[in-house]
Amino acid sequence: MVKSDFLIIGSGIAGLSFALKCAEMGTVVMVTKKRDVDTATNLAQGGIAAVLEEDDSMASHINDTLLSGAGLCDESVVDLVVSDGPARVRELVRIGVDFVKDGATTSGYSLGREGGHSHRRVAHSYDLTGREIERALLESARATENITLLENHIAVDLLMVPEACGSNMGSRCVGAYVMEGESVEPYRAKVTALCSGGVGKVYLYTTNPDIATGDGLAMAFRAGAEMENMEFVQFHPTCLYHPQEKNFLISEAVRGEGAVLVGRDGVPFMKKYDPREDLATRDTVARAIDSELKETGEDCVYLDISFRDAEFLMKRFPTIFNRCLSRGIDISKQPIPVVPAAHYMCGGVRTDRNGRTSIPGLMALGETASTGLHGGNRLASNSLLEAVVFADRAADYCQKSWDRLQSFELPDVDVWKSGNARKLSEEILINHNWDVIRRTMWNYVGIVRSEKRLELAKKRMAVIFQEIDQFYHEYIITPNMIELRNIALNALLIIQSAMERKESRGLHYTIDYKSLDKHPHPTVFKRKMNGQKWQIDMLEC
Ligand code: SIN
């Protein structure tokens, strides 16, 4: 049995940042289900937002975050994240991240601008920021003796043991069941951290990598953790629209450099929707594009930056320039066809200000967590920031509690039992359900929602969910089945959360309740137990 002080699930910016700090205290095992670089961090283009310039201010970054969050941010969390931002950016630089420099700025860094920001404050490595951060953190983690990073290891479920909680019995997380090849083993740890990213693959079109199946969210829910604001799925306004492209993002930083959204006729349309025009927040821009597409019947809109010369574009956006060119689109001469796509889960596993979930022994960081920073709509480039700030806070909390944590004796746990499970011979049963879930979510639980569509989605998803649950118990599990089970559950959680919000706020827009509720409130829920089974509303498993 594998045993460590810390078990970290996921190898993006949150997991790696946390691992590097935990390694100063004890042993760290990191598991990641594909290669270590297969993370959403690695695809991030824009950068990391922080107040670095003299003419910028904390108050302005705080205000932009609050405005974007549509009344649902936790103001104290916004304050602490923004205030800690510059220190965390400097720390990344010390670890080896090469942000682009600019001698003309007071900070010495070239700073980009994105929607919803009233200043240039996004430190970047051109349009490869995530890749550069991932490279530096991975290099550092690989060189750290206390960190064991295991690729192709997929977590199946959390290891839970009963624990006295005052006069009641609660439960504690002591690790996870992890699958490698065909074997599933318990990996025990004093602290387990879910850093497994978001859930973009629940939707047909997404900017996310294939790993984004919300494994951490689903495991946390099944274990009984409190979930928050799962209805707030952020759609990025500009994903490249091309038959050979699956999930290629056109960074919002392109609009930050002046690009304009236009229709097929070349006419800009954002003025109709928001006085901030192309630099409005993402919820507004994505909805505007959705509305244009519905009105015109076109398949895409266009992002025009052709007024900038090729030399500038090649230098500032090398990945975007070359990728578009490889598809026959010269962005210095023609507009880029774009559509919105699922991009970021603003809710997630509810945590406190130290990254602790409602389950003892379990932390959640990065996109998996709902910390209170993003509210109803995340401000661009605040996600990498949140990941490093909370990784630091969580490690600090562990450090302060280290005497207690270290003396905790890990209990024995059950080995994984496959029972009478058989091998599933027809993979089509899995693939078909993937497809149905993703289409259902795209068509019924997308940018614009209605009660009717949510009801229909829930009915369909409930049937599929039961079927998948049956497969899970009858057949020998595979990584594909584990992911399918997780996206099915996440789909239901998103639908259920969306049904509970009877208003339009931030990223949740429904034609049935167009106005804002007077009292902003998060959507918080957890599984309800009925004997050995748990329930989501009418569904029992
Ligand atoms: C982008 O570059 O547009 C994405 C940045 C983000 O999601 O914050």
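The model shown is predicted, which means the values in this text are computed figures rather than measured ones.

Student: Could you clarify how one ought to interpret the packing of aromatic side chains in this entry?
Tutor: The description of two aromatic rings rests on the distance between their centres and on the angle between their planes. Following the criterion strictly, the structure yields 11 aromatic pairs and no others. Every member of this aromatic cluster is reached through a ring pair, and the members are Tyr203, Tyr205, Phe235 and Trp442. The lysine or arginine in question, Arg378, covers the ring of Tyr344, its NZ or CZ lying 4.0 Å from the ring centre. Seen from the ring of Tyr472, Arg485 lies directly overhead, with NZ or CZ sitting 3.5 Å from the centre.

Student: What should I look at first to understand the environment of Gly266 in this one?
Tutor: Turning to its location among the elements, Gly266 is positioned in the loop between strand E12 (260-262) and helix H8 (282-296). According to the relative accessible area criterion, Gly266 is partly exposed, its value standing at 42%.

Student: Before we go on, may I ask you to explain helix H10 (residues 318-326) in this structure?
Tutor: Every buried residue of H10 is listed here: Thr319, Ile320, Phe321 and Cys324. Against the buried residues of H10 lie strand E11 (233-240), helix H7 (252-256), helix H9 (310-316) and strand E14 (336-345). Positive phi appears at Gly328, one or two residues downstream of H10, with a value of about 85°.

Student: Teacher, can you tell me more about the sheet that holds strand E3 (residues 48-49) here?
Tutor: Paired through backbone hydrogen bonds, the strands of a sheet run either parallel or antiparallel to each other. Taking strand neighbours across the sheet as the criterion, the 3 strands line up as E3-E5-E4 in an open arrangement whose pairing is antiparallel. Unpaired on one side and paired on the other, E3 and strand E4 (111-112) mark the two borders of the sheet. Inspection of the sheet shows E3 paired to strand E5 (residues 122-123) by 2 bridges, in the antiparallel sense. Pairing of Ile48 across the sheet is with Ala123, part of E5.

Student: Explain the site of the ligand here, please?
Tutor: Around the ligand, the surrounding shell consists of Gln45, Gly46, Glu114, His236, Leu249, Ser251, Glu252, Arg282, His343, Arg378, Ala380 and Ser381. In this structure, Gly46 approaches the ligand through a main-chain N or O atom, which is 2.9 Å from an oxygen atom. In the model, an oxygen atom of the ligand is placed 3.0 Å from a nitrogen or oxygen of the Arg282 side chain. Considered on its own, the ligand offers 260 Å² of accessible surface; in the complex 94% of this is hidden by protein. Its residues assigned to classes, the shell around the ligand comprises 2 nonpolar, 6 polar and 4 charged.

Student: What exactly am I supposed to notice about the nonpolar core here?
Tutor: For soluble globular proteins, nonpolar side chains are generally found buried alongside one another. Counting residues in each nonpolar core, the largest one holds 76 residues, and the members touching the most others are Tyr203, Ile437, Met441 and Ile494. Those residues in contact with Ile494 that lie beyond four places of it in its chain are Val199, Val202, Tyr203, Met230, Glu231, Val233, Met345, Met441 and Val445. Formed by 55 residues, the second largest nonpolar core is a distinct cluster that contains Cys22, Val82, Leu138 and Leu373.

Student: What is the right way to read helix H15 (residues 479-500) from this model?
Tutor: Think of an α-helix as 3.6 residues a turn; residues three or four steps apart then line up on the same face. With 22 residues, H15 extends 32 Å from end C-alpha to end C-alpha; this agrees with the ideal 32 Å at 1.5 Å per step. Counted residue by residue, H15 has 19 buried out of 22 residues, so it is predominantly covered.

Student: Hey, could you run me through the sheet that holds E12 in this one?
Tutor: Judged by pairing direction, the sheet is antiparallel, and its 4 strands sit side by side in the order E11-E14-E13-E12 without closing on themselves. Where the open sheet ends on each side, the last strands, each with one partner, are E11 and E12. Put simply, the sheet's adjacent strands are angled 45° from each other on average, direction ignored. Sitting on the sheet, H8 touches E11, E12, strand E13 (301-304) and E14, and the angle it makes with E11 is about 60°.

About the thresholds
- Residues numbered from 1 in each chain as written.
- Predicted model: local features only at pLDDT ≥ 70, side-chain atom pairs only at ≥ 80, totals over all residues.
- Heavy atoms only, no water.
- Phe/Tyr/Trp six-rings, centres within 6.5 Å; stacked < 30°, edge-to-face > 60°.
- Lys NZ or Arg CZ within 6 Å of the ring centre and 35° of its normal.
- Helix = DSSP H or I, 4+ residues; strand = E, 2+ residues; numbered from the N terminus.
- Buried < 20%, exposed > 50% of the residue type's maximum accessible area, 1.4 Å probe, protein only.
- Contact = heavy atoms within 4.5 Å.
- Pairing = 2+ DSSP bridges.
- Near = heavy atom within 4 Å.
- Polar contact = N/O pair within 3.5 Å; in protein donor to acceptor, adjacent residues only side chain to side chain.
- Areas by Shrake-Rupley, 256 points an atom, 1.4 Å probe, with all protein chains shown as cover.
- Nonpolar A, V, L, I, M, F, W, Y, C, P; charged D, E, K, R; others polar.
- Core = buried A, V, L, I, M, F, W, Y, C linked by side-chain atoms within 4.5 Å.
- Expected span 1.5 Å × (residues − 1).
- Axes fitted to C-alpha atoms, helices over the stretch in contact; angles between N-to-C directions.

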